[in-house]
Amino acid sequence: MLSYRHSFHAGNHADVVKHTVQSLIIEALKEKDKPFLYLDTHAGAGRYFLGSEHAEKTGEYLDGIARIWQRDDMPAELEAYMSAVNAYNKGGYLKYYPGSPLIARHLLREQDQLHMTELHPTDYPLLRHEFLKDERSKVLRADGYQQLKSQLPPQSRRGFILIDPPYELKTDYQAVVQGIQEGYKRFATGVYALWYPVVLRQQIKRMVKELEETGIRRILQIELAVQPDSDRRGMTASGMIVINPPWKLEQQMSTVLPWLHRVLVPEGIGHTKVSWITPE
Ligand code: SAM
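Described below are features of the structure shown in this document. Predicted model, so just to flag it, every value in this text is computed and none were measured. (Residues numbered from 1 in each chain as written. Predicted model: local features only at pLDDT ≥ 70, side-chain atom pairs only at ≥ 80, totals over all residues. Heavy atoms only, no water.)

Considering all chains together, one arrives at 17 salt bridges under this definition. Measuring nitrogen to oxygen at the nearest pair gives 2.9 Å for the salt bridge that ties R67 to D63. Judged by relative accessible area, R67 falls into the partly exposed class, the value being 29%. Across the pair E280 and R218 runs a salt bridge, and its minimum N-O distance is 3.4 Å. Note that E280 is positioned in the segment after β10 (271–278) and R218 in the loop between α9 (201–213) and β8 (219–225), a separation of 62 residues in sequence. Accessibility expressed as a relative area gives 70% for E280, which makes it exposed. Each of D15, K18 and D164 takes part in one network of salt bridges that share partners. (Salt bridge = Lys/Arg side-chain N within 4 Å of Asp/Glu carboxyl O. Buried < 20%, exposed > 50% of the residue type's maximum accessible area, 1.4 Å probe, protein only. Helix = DSSP H or I, 4+ residues; strand = E, 2+ residues; numbered from the N terminus.)

Here is the structure:
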């Protein structure tokens, strides 16, 4: 079942949080010259036209990136992320939203590598096309979870793995934990970032408990809720679970998340959270 299309959701509040964390991790890894691998297991199409029928149907980006991208009181923690958004939107008009592969492409250096997998028959060719001329990159139509076994550890022994499934299938909540365990067995020093939606809080509690049971240490949880938890249909919050976060990430997200919450949710409902699932 591959009915999920990120084009309906690109640039929404969840993407803003996800891509803020992604850009801060990339910037931290760039503090050392040594190359690293960026592995994006569920990469999407790469570029999203915000005037498309899909984006206009939901209008989600209007409550996300559109609220922040031209603020003049933006915290420094958003600089790298915004530099990527601006690179795809010249002339002061928000036309495209760059997905995680394009944000990585913009921020990574000559010596780094990008490996991306996407299964959707429409999104895969779009993504491949984006990277035709990028010699640092490899785009595969393959299962993202499988990459956590086949691509790790990276040759460079440095890596950032973004795991961003659509959670169309309930089994994704277990599959991500198993996938992380497989990856971690092979590459325990990598930085792993797992995106999650809060639709039913219970599902996330179970997933977090299963992660704790793996015995993996240094797991940071970052979350922004735009509504209180609810039993009704729909995403009320989203977050990133980061294993081996760069040392500054906790502080950076503690600074920037309340700002994002204020700007994205002017009504003041919901919450933010930055806390350790398992510390050192
Ligand atoms: N990471 C992207 C970003 O931030 O711009 C968004 C990715 S979207 C949330 C999830 C993507 O995973 C969808 O495009 C979907 O087609 C793809 N997908 C679903 N199952 C997959 C699998 N097993 N392996 C690889 N990709 C998969």
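Alright, that's what it looks like, and here's the rest.
Buried residues dominate strand β6 (residues 159–163), accounting for five of its five residues. Side chains G159, I161 and I163 of β6 all project onto a buried face; the interleaved residues F160 and L162 project onto the opposite face, where all are buried too. Bridge analysis of strand β1 (residues 37–40) against β6 gives four bridges, and the strand direction is parallel. Within β6, the position partnered with Y38 by the bridge is F160. Across four bridges, the pairing between β6 and strand β7 (residues 191–198) is parallel. Bridge pairing links L162 to A193 in β7. Regarding topology, helix α8 (residues 172–186) serves as the crossover connection from β6 to the parallel β7, and that connection is right-handed. (Pairing = 2+ DSSP bridges. Right-handed = clockwise from strand over helix to strand, strands pointing away.)

Once that is clear, we can look at the environment of L249. With respect to the element layout, L249 can be found in helix α10 (residues 249–264). What L249 contacts, discounting residues up to four positions off in sequence, is V21, L24, I25, L220, I222 and V242. (Contact = heavy atoms within 4.5 Å.)

It is worth spelling out the packing of aromatic side chains at this point. What characterises a pair of aromatic rings is the spacing of the ring centres plus the angle enclosed by the ring planes. Applying the stated criterion to the full structure yields five aromatic pairs. Seen from their ring centres, Y167 and Y173 are 4.7 Å apart, and the 45° between their planes marks the pair as tilted. Accessibility assignment for this pair places Y167 and Y173 in one class, buried. Seen in terms of ring centroids, Y167 and W195 are 6.0 Å apart; in terms of plane orientation they differ by 55°. Their pairing is tilted. (Phe/Tyr/Trp six-rings, centres within 6.5 Å; stacked < 30°, edge-to-face > 60°.)

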